[in-house]
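Residue-level structure breakdown
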Amino acid sequence: MFWERQFNSFVDGLRQHRIPVQIQLWNGQSFELSDRSRVRIRVPGTPALRYLLNPSLDRLAEAYVEGHLQVDGKLEDIIDVATRIATHADHDKKHRRRVPLVSRHSRKVDAEAIRYHYDVSNDFYRQWLDDNMVYSCGYFRDTTDSLEQAQLQKIDHILNKLRIRPGDRLLDIGCGWGTLAIRAAEQYGAKVLGVTLSRNQYDLARERVAEAGLEDRCDIQLEDYRDVRGRFDRITSVGMF
């Protein structure tokens, strides 16, 4: 079968790198890539092979999160194994035929994913984010910093690294609930366009812009970043790409 040839070629190519992982297939077959496996990857069916046979760290993480691959092992070992599989498979793929993949990114698919993720309700996110509802990481300068401090420090760190100046045109892709866009306009004097695909984020961000009296300097749009037109001096995208 075609998938068997591709999988055997994939395993043979990776064995030389002695990656400490065991791969178990749905049909009971098991493959060791080294003498001492620390991680086990279970493949529940042929559809999941498309994640494994053309791996990147992002694709493997997606397969794990969405349940297409089951993984057992310690977190540090899993990350190490996934990184090595992605790295060595990328180096070796010129010797193998690629398994055809259909891109999962389109305006329709991305909009549905964002609605599923963010349009649960703003009240849900208020339960565990800071008061400004800033998402992704925080920048803690000290162990006593609050979550609110860490989020503002993160935003300032980004805007300072970009050397935002008064009058700069800033595009914030995936602007969330608008905190970075508002701070860039209010504290740094930028003219900001923030875009999001989440109706809940859009509504609250525009409400916050209005409350801050920044409508002339901060515009929030419900728009796919691929449809944005215009010229910008700086672009931010925190935790999206």
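Here goes a summary of the coordinates provided.

How each quantity is defined
Residues numbered from 1 in each chain as written. Predicted model: local features only at pLDDT ≥ 70, side-chain atom pairs only at ≥ 80, totals over all residues. Heavy atoms only, no water. Helix = DSSP H or I, 4+ residues; strand = E, 2+ residues; numbered from the N terminus. Rg over C-alpha atoms; globule rule 2.2 N^0.38 Å. Buried < 20%, exposed > 50% of the residue type's maximum accessible area, 1.4 Å probe, protein only. Contact = heavy atoms within 4.5 Å. Lys, Arg positive; Asp, Glu negative; His and termini not counted. Charge placed at Lys NZ, Arg CZ, Asp CG, Glu CD. Pairing = 2+ DSSP bridges. Axes fitted to C-alpha atoms, helices over the stretch in contact; angles between N-to-C directions. Salt bridge = Lys/Arg side-chain N within 4 Å of Asp/Glu carboxyl O. Phe/Tyr/Trp six-rings, centres within 6.5 Å; stacked < 30°, edge-to-face > 60°.

Here's the deal with the overall build of the protein chain
Within the protein chain, the secondary structure is distributed over 9 helices and 8 strands. Its C-alpha radius of gyration of 22 Å places the protein chain more than 25% over the 18 Å reference for a compact globule of 241 residues. For the protein chain, the spread of C-alpha atoms along the three principal axes comes to 65 × 40 × 35 Å. Looking at the protein chain as a whole, 39% of its 241 residues qualify as buried. Summarising the internal contacts of the protein chain: among those between residues at least 6 apart in sequence, 57% fall at separations of at least 24. Taken together, the 37 basic and 36 acidic charged side chains of the protein chain have centroids lying 7 Å from each other.

A look at the pairing of strand β6 (residues 191-196)
Counting buried residues along β6, 5 of its 6 residues qualify, which places the element largely inside the surrounding structure. Examined bridge by bridge, strand β5 (residues 169-173) and β6 share 5 bridges and lie parallel to one another. Of the residues in β6, the one forming a bridge with leucine 171 is leucine 193. As judged from the 5 bridges shared by β6 and strand β7 (residues 218-222), these two strands associate in the parallel manner. Looking at the pairing, glycine 194 lines up with isoleucine 220 of β7.

With respect to the sheet that holds β6
Strand order in the open sheet made by the 4 strands is β7-β6-β5-β8, with parallel pairing throughout. Of all strands in the sheet, those with a lone pairing partner are β7 and β8 (234-236), marking the two edges. Here the strands of the sheet are splayed against their neighbours by 20° on average, with no regard to which way each runs. Helix-sheet contacts for helix α9 (residues 199-211) involve β6 and β7, and the interaxial angle to β7 is about 165°.

Some details on the environment of leucine 69
By the secondary structure assignment, leucine 69 is in the loop between α3 (57-65) and β4 (70-72). In this structure the C-alpha to C-alpha distance between leucine 69 and isoleucine 85, which are 16 residues apart in sequence, comes to 14 Å. When residues no more than four places from it in sequence are discounted, the contact partners of leucine 69 are Ile41, Arg42, Val43, Pro44, Ala48, Tyr51, Leu60, Ala63 and Tyr64.

What to know about the pattern of salt bridges
In this structure the tally under the stated criterion is 16 salt bridges. Its salt-bridge partner being glutamate 112, residue lysine 108 comes within 2.7 Å of it at the nearest N-O pair. Of this pair, lysine 108 and glutamate 112 are both found in helix α5 (residues 107-118), 4 residues apart, which corresponds to roughly one turn of the helix. Overall, the relative accessible area of 58% leaves lysine 108 in the exposed class. Of the residues examined, glutamate 112 reaches a relative accessible area of 37% and is grouped as partly exposed.

Some points on the packing of aromatic side chains
Applying the stated criterion to the full structure yields 13 aromatic pairs. Aromatic side chains phenylalanine 7 and phenylalanine 31 sit 4.9 Å apart centroid to centroid with 70° between the ring planes, which places their arrangement in the edge-to-face category. With a gap of 24 residues between them, phenylalanine 7 in helix α1 (residues 2-15) and phenylalanine 31 in strand β2 (residues 30-32) connect regions that are remote in the sequence. Here phenylalanine 7 matches phenylalanine 31 in class, with each residue buried. A ring pair is formed by tyrosine 125 and tyrosine 135, whose centres lie 5.9 Å apart and whose planes are at 85°; its orientation type is edge-to-face. Of this pair, tyrosine 125 sits in helix α6 (residues 122-126) while tyrosine 135 sits in the loop between α6 and α7 (147-161), and the two are 10 residues apart along the sequence. Accessibility expressed as a relative area gives 2% for tyrosine 125, which makes it buried.

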